[in-house]
Amino acid sequence: MRKRNTTKASGSNDALFGGACLVAIIALGLCSSPAKAEEKTGPDVAFNAAVASDYVFRGVSQTESDPAISAGVDVTQGLFYAGAWAGNVSFAGDADTDAEIDLYAGVRPEFGGFNWDFGLVSYFYAGQPDGADYDYVELKAATSRAVGPATLGAAIYYSPDFFGASEDEATYAEINGAISPADKWTLSAAVGRQWVSSDFDYTTWNLGAAYQMTDHLALDVRYFDTDEHGFGSAYDSRVAASVKATF
């Protein structure tokens, strides 16, 4: 998230709590869903790496419109999943914070004709100034289903102690959709609303196209915008392109 001047004490307790929850979910997932003798018994592991012209999170640039590189790993076992992701960040007025590290875990069941995703995400920021309190945890609930040739979805995230020392509770809600008009092409869009305790509420939207260049390489070009350009240049409209490799 975009840096704001802050004075609140560190939120390390929330980060530790989030980490403990992640460990519990991972352990439960790896110990559950016993496989049949003829099925694969170990978890599936996938890696990813990406290069982007800008790292945009919920419509807000996290790199002051500069390029970003990132890498991650995902582990799945039955309904359960866990993963880690890291990328560079750069916040206006902060010469110290240089990286974001995310840890996440959850379950992805299917019921009622919908695909569900219930999880927890912990965000950590390397090199943050003393008292910045950037680290935070979010609870996530998301759902999606196929409607004809399209996939429609919705998600909500809740944090009891959000990014920055001036923040307490925060909620983000989003609706999204995707459709594949041709082989290897996907068009997608989303509209979301971020509510935060400091009254920095804003609405964001994005629209983009992705092309699967190979089985392991995809290109995405996307337009982002918010309704609060007055919050700073990080909230301005922008177009970002990224190339992501999965293996």
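Residues numbered from 1 in each chain as written. Predicted model: local features only at pLDDT ≥ 70, side-chain atom pairs only at ≥ 80, totals over all residues. Heavy atoms only, no water.

**Brief notes about the side chain of T226**
Here's step 1: Along the chain, T226 falls in strand β14 (residues 217–226).
Here's step 2: A relative accessible area of 3% places T226 in the buried class.
Here's step 3: Of the polar contacts made by the side chain of T226, one reaches the backbone nitrogen of E228; its length is 3.3 Å. (Helix = DSSP H or I, 4+ residues; strand = E, 2+ residues; numbered from the N terminus. Buried < 20%, exposed > 50% of the residue type's maximum accessible area, 1.4 Å probe, protein only. Polar contact = N/O pair within 3.5 Å; in protein donor to acceptor, adjacent residues only side chain to side chain.)

**Thoughts on the nonpolar core**
Here's step 1: Counting 18 residues, the largest nonpolar core has Y125, Y136 and F163 as the members making the most contacts within it.
Here's step 2: Of all the secondary-structure elements, those providing two or more residues to this core are β5 (80–88) and β8 (114–126).
Here's step 3: The greatest single-element share of this core, amounting to three residues, is contributed by β8.
Here's step 4: Grouped together as the second largest cluster of nonpolar side chains are five residues, V60, Y202, A234 and Y235 included. (Core = buried A, V, L, I, M, F, W, Y, C linked by side-chain atoms within 4.5 Å.)

**Some thoughts on a nonpolar patch on the surface**
Here's step 1: Among the surface-exposed residues, M213, L219, V221, Y223, V239 and V243 lie close enough to one another that they form a single nonpolar patch of about 450 Å² accessible area.
Here's step 2: Of all the secondary-structure elements, those providing two or more residues to the nonpolar patch are β14 and β15 (238–246).
Here's step 3: Take the nonpolar patch: its biggest share by element is three residues, from β14.
Here's step 4: Within the element layout of this structure, V221 appears in strand β14. (Patch = residues over 30% accessible without salt bridge, like charges linked within 9 Å, V, L, I, M, F, W, Y side chains within 5 Å. Areas by Shrake-Rupley, 256 points an atom, 1.4 Å probe, with all protein chains shown as cover. Salt bridge = Lys/Arg side-chain N within 4 Å of Asp/Glu carboxyl O.)

**Observations concerning the packing of aromatic side chains**
Here's step 1: Taken as a whole and judged by the stated rule, the model has 20 aromatic pairs.
Here's step 2: A ring pair is formed by F114 and W116, whose centres lie 5.9 Å apart and whose planes are at 50°; its orientation type is tilted.
Here's step 3: Judged by relative accessible area, which is 29%, F114 ranks as partly exposed.
Here's step 4: These aromatic residues form a ring-pair network of at least three members: F57, F91, Y123, Y125, Y134, Y136, F162 and F163.
Here's step 5: Note that R58 overlies the ring of Y157, its terminal NZ or CZ placed 4.8 Å from the centroid. (Phe/Tyr/Trp six-rings, centres within 6.5 Å; stacked < 30°, edge-to-face > 60°. Lys NZ or Arg CZ within 6 Å of the ring centre and 35° of its normal.)

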